[in-house]
Amino acid sequence: MDNLRRFFLTASIIIFISLCIGGFITALNYDPKEVQLEPGNPTPLPAVGDIYNPEKYQLEDLYKDNVLFILTPKEDKSAVDFLISKYNPQTQDLNFLIVPDDLKVVNHENKKQICTLGEYFKSQKGSGVADYLTSLLQIDIAGYCTFTYKDLTSFIKTFGAVKCTLPYGIKFISSDSDNITYSTGINYSSGEVTLSGDSAVNLINFIEDDYAALDGEIIEYYDGYYNENYAKEIHSAMSDDFVYIFINGFINKFTPDYQEKINDGFSKLKETSDSNITDSMLKGMTYKLCEINKDKVNFYRLTGTPVYNNNFYITYNNEILNIKSGERKAATEILDLAFS
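The structure displayed is predicted, hence computed values, not measured ones.

Student: How should the pattern of salt bridges be read in this particular structure?
Tutor: If charged atoms from side chains of opposite charge come close, those side chains can pair. In the structure shown here, the tally under the stated rule is eleven salt bridges. Note that aspartate 279 is salt-bridged to lysine 270, the shortest N-O span being 3.2 Å. By relative accessible area, which is 56% here, aspartate 279 ends up exposed. Overall, lysine 270 belongs to the buried group, its relative accessible area being 16%. In the salt-bridge network here, residues are joined through shared partners; they are Asp102, Asp210 and Lys232.

Structure (structure tokens):
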């Protein structure tokens, strides 16, 4: 027992002496000039990972998926224009895809039931059309907004008249229609025109009148792309082109001080239209839209083959036209690049 006690005592003395010697050597090597800590100024720790940036993470959370806009004279009528829009608030890329209202729609349960996309809207409404185009194009269309001519007129009044550039003159000559819904005083020369809400809707109504006679300048413009013998094809092309012409003119109005009008205009449109767009989605759709680089705005059109089968249809041919460049590409290439 004495030997065990003597062993522990000896070990303790050796450890104590070692610690004292180590502390003495450390004290000799200490230089107070090497470490100068000011009160309240602790030495910063090295950063690990990304530094938190609130705006960055808010931007990442903003809505940036596709939205389908549908224009119809009235809620119980066929639609006349379909437009898929995708805006990325982080990169400020804005892409539009115009879908013809004459696009052929086949009922998968009954192959004999065929109609145009415009007619399909009448029974299926905005949500049904969004689902159909999601399936056809294999892209996600989470939001939709259906608005009437009345909504469009109010929307334009919020921003003021829009300057558009027409590639050809448009004037009323005559119409075989029994139900003319527009003022026949239409007479625009090619070049820049200024359109209010009322004049824009009046022009859309004329373009949608398949029985209206067409001026030779218009027929010549579409010669070689649409068969000039079929007025319906030209009216369909005019309708799609006017969507591009008008939206391009509308975006050209944007200036850095325009954001309040953009927010107000889209908020009112959301409230008056048939839409599933939420306030959160709207925030992403309009974020700094007034500052957008016009070179990052792209316009595309779904193309197809004109078909007559007791009615006029456009059969989707899996191609998409870049309106600005005039280049056609496989639909999957454009959809993957701009709408996925």
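Student: Just to check I follow, could you spell out the side chain of threonine 158 for this structure?
Tutor: Within the fold, threonine 158 resides in helix α4 (residues 149–159). Among residues more than four places away in sequence, those in contact with threonine 158 are Lys261, Asp264, Gly265 and Lys268.

Student: What am I meant to see in empty space enclosed by the protein here?
Tutor: Rolled over the atoms, a probe as big as a water molecule pinpoints where empty space is left. Per the counting criterion, the structure on display carries two cavities of 30 Å³ or more. Within this model, the largest cavity holds a volume of roughly 610 Å³. As for the largest cavity, its lining consists of 32 residues, and the residues nearest its centre are Phe69, Leu83, Phe96, Phe147 and Ile247. Elements with a contribution of two residues or more to the lining of the largest cavity: β1 (66–72), β2 (81–88), β3 (93–99), α4, α7 (231–251), α8 (259–272) and α9 (279–286). Its residues assigned to classes, the lining of the largest cavity shows 26 nonpolar, two polar and four charged. Empty space within the second largest cavity amounts to approximately 40 Å³. Along its surface, the second largest cavity is lined by Phe69, Cys145, Phe266, Leu269, Lys270, Ser275, Ile277, Leu282 and Met285. When contributions to the lining of the second largest cavity are tallied by element, the ones reaching two or more residues are α8 and α9.

Student: Which parts of the structure should I look at to understand the nonpolar core?
Tutor: In globular proteins that are soluble, nonpolar side chains generally tend to be buried together. Counting 62 residues, the largest nonpolar core has Ile170 and Met238 as the members making the most contacts within it. When neighbours within four sequence positions are excluded, isoleucine 170 is seen to be in contact with Ile186, Asn187, Tyr188, Leu203, Phe206, Ile218 and Met238. One finds Val105, Tyr120, Phe121 and Ala331 within the second-largest nonpolar core, a separate group that totals 30 residues.

Each value, and the rule that gives it
- Residues numbered from 1 in each chain as written.
- Predicted model: local features only at pLDDT ≥ 70, side-chain atom pairs only at ≥ 80, totals over all residues.
- Heavy atoms only, no water.
- Salt bridge = Lys/Arg side-chain N within 4 Å of Asp/Glu carboxyl O.
- Buried < 20%, exposed > 50% of the residue type's maximum accessible area, 1.4 Å probe, protein only.
- Helix = DSSP H or I, 4+ residues; strand = E, 2+ residues; numbered from the N terminus.
- Contact = heavy atoms within 4.5 Å.
- 1 Å grid on protein atoms, 1.4 Å probe; cavity = no way out; pocket = protein on both sides within 12 Å on 5 of 7 lines; lining within 4 Å.
- Points joined across faces, edges and corners; volume = space filled by probe spheres on them.
- Nonpolar A, V, L, I, M, F, W, Y, C, P; charged D, E, K, R; others polar.
- Core = buried A, V, L, I, M, F, W, Y, C linked by side-chain atoms within 4.5 Å.

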